[in-house]
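Results of the structural survey
Take a look at the letters that make up each chain.
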Amino acid sequence: MTTQHVEMTNKQIIKGLAIASVIAVVLSVTVILPAEYNKDPSGVGAILGLTGMSNNVQVEEMTLEPQNDFTFAQGEGEWQTHTLTVEIPDYEGVEVKALTEEGNGFSFTWETDGGELYMDMHGEVVGDTDEFTSYKKSNAISSDKGIFKAPFHGTHGWYWQNNTDSPITVTITVAGFYQSVKTLK
């Protein structure tokens, strides 16, 4: 097997570069502009079916109006995330509460290590611990998740009652706009 060595002159190299440049310009105008930018100055893109392939999205002004139960929670304060693990002794109850301004909100997820609990998700106005508003109750639940918007400035959270003869552990994660979260016994 023999190998050939080809020598090119400067004139041949310049001629090759010129031809490659012309091909690049022609392809840009006839293929790339129509397909990528929906611009077809030569009309060849329309003939080849390339116009309209662009992923450019026309942005329209959009307004959102609350409908049904959909409302926005405010975002005042600092975004926080807390995960707490709470052991609830047999036949006892524990509360976890987040101090939250009216209109602010947080997402939550909690689950037990397997047992079911009585649960009352509720809130109290700051300074009035005798009155509370229940949001959700269950006689036997082992997990829950959701997004909560505070209807008033106060403490909002969960009361869990363990009605079994074994301790149950709850792990809860709260993320959003609230001042603090703590466990109460």
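Worth saying up front: this structure is predicted, and the values here are computed from it rather than measured. (Residues numbered from 1 in each chain as written. Predicted model: local features only at pLDDT ≥ 70, side-chain atom pairs only at ≥ 80, totals over all residues. Heavy atoms only, no water.)

Further remarks concern the layout of surface pockets. If you add up the space inside the largest pocket, you get close to 160 Å³. When residues in the lining of the largest pocket are grouped by element, the largest group, 3 residues, is from strand β4 (residues 117-125). Residue classes in the lining of the largest pocket are distributed as 4 nonpolar, 4 polar and 4 charged. (1 Å grid on protein atoms, 1.4 Å probe; cavity = no way out; pocket = protein on both sides within 12 Å on 5 of 7 lines; lining within 4 Å. Points joined across faces, edges and corners; volume = space filled by probe spheres on them. Helix = DSSP H or I, 4+ residues; strand = E, 2+ residues; numbered from the N terminus. Nonpolar A, V, L, I, M, F, W, Y, C, P; charged D, E, K, R; others polar.)

Turning our attention to the sheet that holds strand β3 (residues 105-112). Neighbouring strands of a sheet are bound in pairs by backbone hydrogen bonds; such pairs are parallel or else antiparallel. Ordered in space as β1-β8-β3-β6, the 4 strands form an open sheet in which the pairing is antiparallel. Single-partner strands in this sheet number two, and they are β1 (79-88) and β6 (143-149). Averaged over all neighbouring strand pairs, the angle between strand axes comes to 10°, with direction disregarded. By the bridge criterion, 7 bridges tie β3 to β6 in an arrangement that is antiparallel. What sits directly across from Glu-111, in β6, is Ser-143. (Pairing = 2+ DSSP bridges. Axes fitted to C-alpha atoms, helices over the stretch in contact; angles between N-to-C directions.)

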